Amino acid sequence: MAHSVVNYGVRGCFLLVLQPNVEELGRPIANEEIKNAVFAMAPLKSLGLDGIHALFYQRKWSIVGESICDFVRRVFEENLWHEDLNHTILVLLSKVGNHEFIYQLRSISLCNVIYKVITKVVVNQLNPFLPIWVVRNQTSFVSGRTIVDNVVVAKEVGFQKGQMPLKINLKKAYDHLEWDFIVIP
């Protein structure tokens, strides 16, 4: 069966999205998907501005489940978005005893549970397509791929005499490298 192709980018620069993928992503959200997103959340993990943990929604699903499903479906189907959903508390936690620099802090975002549910539904919808859409040498965040895959690619590519691979810690590289030193032919 031939699939029509939807071209959302500049030809040759991005992978093309096949029409069946677009149709699958555009289908209505099922209540079961929303319930699965709620129950996949850690029950007592960071709460948002509303002060409610996922545990509340999980334990009281028989009471609040239908309302949660209706609300989440309306976000997707009617583009209904409440500004309050975006309200998030940003917290900086110290990684060391006495922090002096920003990199010694770890940031966390405390989002409302409903925001997390909507995000989880989107992630669950996109996950089956990531191995198709993400190029093969991109190994992070794709199930079944590991950083070791890149070592195999590097070994297969090989290096000629006088060449060497260069691994740069990007966190430090931006601030500490002298850019005139790096010449890319």
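Placed above this text is the structure.
Fair warning: this is a prediction, and the values are worked out from it, not measured in the lab.

**Remarks on the packing of aromatic side chains**
Piece 1. Following the criterion strictly, the structure yields four aromatic pairs and no others.
Piece 2. On the numbers, 5.3 Å between centres and 80° between planes, the contact of F56 with Y57 is edge-to-face.
Piece 3. Residue classification places F56 among the partly exposed positions, given a relative accessible area of 38%.
Piece 4. Given a relative accessible area of 8%, Y57 falls into the buried group.
Piece 5. Measuring from centroid to centroid gives 6.1 Å for W81 and Y115, while their planes differ by 70°, and the two rings are edge-to-face. Pair noted here: W81 is in the loop between α4 (61–77) and β3 (89–94) and Y115 is in helix α5 (residues 113–126), with a separation of 34 residues, a long-range link.
Piece 6. Sitting above the plane of the F39 ring, K35 keeps its charged end 5.7 Å from the centroid.

**Some details on the packing of helix α2 (residues 31–39) against α5**
Piece 1. Two elements in contact, α2 and α5, have axes separated by 9 Å at closest approach and are oriented at 115°. For the element pair α2 / α5, the angle class is roughly perpendicular. Considering only the axes of α2 and α5, their crossing is right-handed. For the pair α2 and α5, the contacting residues are E33, I34, A37 and V38 in the first and V117, K120, V121 and Q125 in the second.
Piece 2. Split into classes, the residues belonging to the contact of α2 with α5 amount to five nonpolar, one polar and two charged.

**Regarding the pattern of salt bridges**
Two side chains carrying opposite charge are able to pair once their charged atoms lie near each other.
Piece 1. In this structure the tally under the stated criterion is four salt bridges.
Piece 2. Measuring nitrogen to oxygen at the nearest pair gives 2.9 Å for the salt bridge that ties R27 to E33.

**What about the environment of K95?**
Piece 1. Tracing the backbone through its elements, the reader meets K95 in the loop between β3 and β4 (105–110).
Piece 2. In the structure, K95 is positioned eleven residues away from R106 in sequence and 6.5 Å away in space, judged by C-alpha atoms.
Piece 3. With sequence-adjacent residues up to four places away left out, K95 is seen in contact with Y103, Q104, L105 and R106.
Piece 4. In terms of polar contacts, K95 uses its side chain to reach the backbone carbonyl oxygen of Y103, at 3.5 Å.

**Observations concerning α5**
Piece 1. The end-to-end C-alpha distance of α5, which contains 14 residues, comes to 20 Å, matching closely the 20 Å that a straight helix rising 1.5 Å per residue would cover.
Piece 2. Among all positions of α5, only V113, I114, V117, I118, V121 and Q125 are buried. All buried residues of α5 fall inside an arc of 145° around its axis, so they share one side.
Piece 3. Here the buried face of α5 lies against α1 (19–25), α2, α3 (54–59) and α4.

**Focus on the packing of α2 against α4**
Piece 1. Look at α2 against α4: their axes get within 10 Å of each other, and the N-to-C directions meet at 115°. Note on packing geometry: the crossing formed by α2 with α4 is right-handed. Taken together, the residues of α4 that come into contact with α2 (itself represented by N31, I34, K35, V38 and F39) are W61, I68, C69, V72 and R73.
Piece 2. Split by residue class, the contact of α2 with α4 holds seven nonpolar, one polar and two charged.

**Digging into unusual backbone geometry**
Piece 1. Of note, the phi angle at N79 is positive, near 55°, even though the residue is not glycine.
Piece 2. Locating N79 in the fold gives a position in the loop between α4 and β3.
Piece 3. Taking the relative accessible area as the measure of exposure, N79 reaches 67% and is therefore exposed.

**As for the nonpolar core**
Piece 1. Core analysis: the largest hydrophobic core is formed by 19 residues, its most contacted members being I34, Y57, I68 and V117.
Piece 2. Elements with a contribution of two residues or more to this core: α2, α3, α4 and α5.
Piece 3. Residue contributions to this core peak at six residues, all from α4.
Piece 4. Ignoring anything within four residues of it in the chain, the contact list for V117 reads I34, A37, V38, M41 and V72.

Here is what the cut-offs are and how they apply
Residues numbered from 1 in each chain as written. Predicted model: local features only at pLDDT ≥ 70, side-chain atom pairs only at ≥ 80, totals over all residues. Heavy atoms only, no water. Phe/Tyr/Trp six-rings, centres within 6.5 Å; stacked < 30°, edge-to-face > 60°. Buried < 20%, exposed > 50% of the residue type's maximum accessible area, 1.4 Å probe, protein only. Helix = DSSP H or I, 4+ residues; strand = E, 2+ residues; numbered from the N terminus. Lys NZ or Arg CZ within 6 Å of the ring centre and 35° of its normal. Axes fitted to C-alpha atoms, helices over the stretch in contact; angles between N-to-C directions. Parallel < 35°, antiparallel > 145°, perpendicular 65-115°, else oblique. Left-handed = near helix turned anticlockwise from the far one by under 90°. Contact = heavy atoms within 4.5 Å. Nonpolar A, V, L, I, M, F, W, Y, C, P; charged D, E, K, R; others polar. Salt bridge = Lys/Arg side-chain N within 4 Å of Asp/Glu carboxyl O. Polar contact = N/O pair within 3.5 Å; in protein donor to acceptor, adjacent residues only side chain to side chain. Expected span 1.5 Å × (residues − 1). Arc of directions from axis to C-beta. Core = buried A, V, L, I, M, F, W, Y, C linked by side-chain atoms within 4.5 Å.

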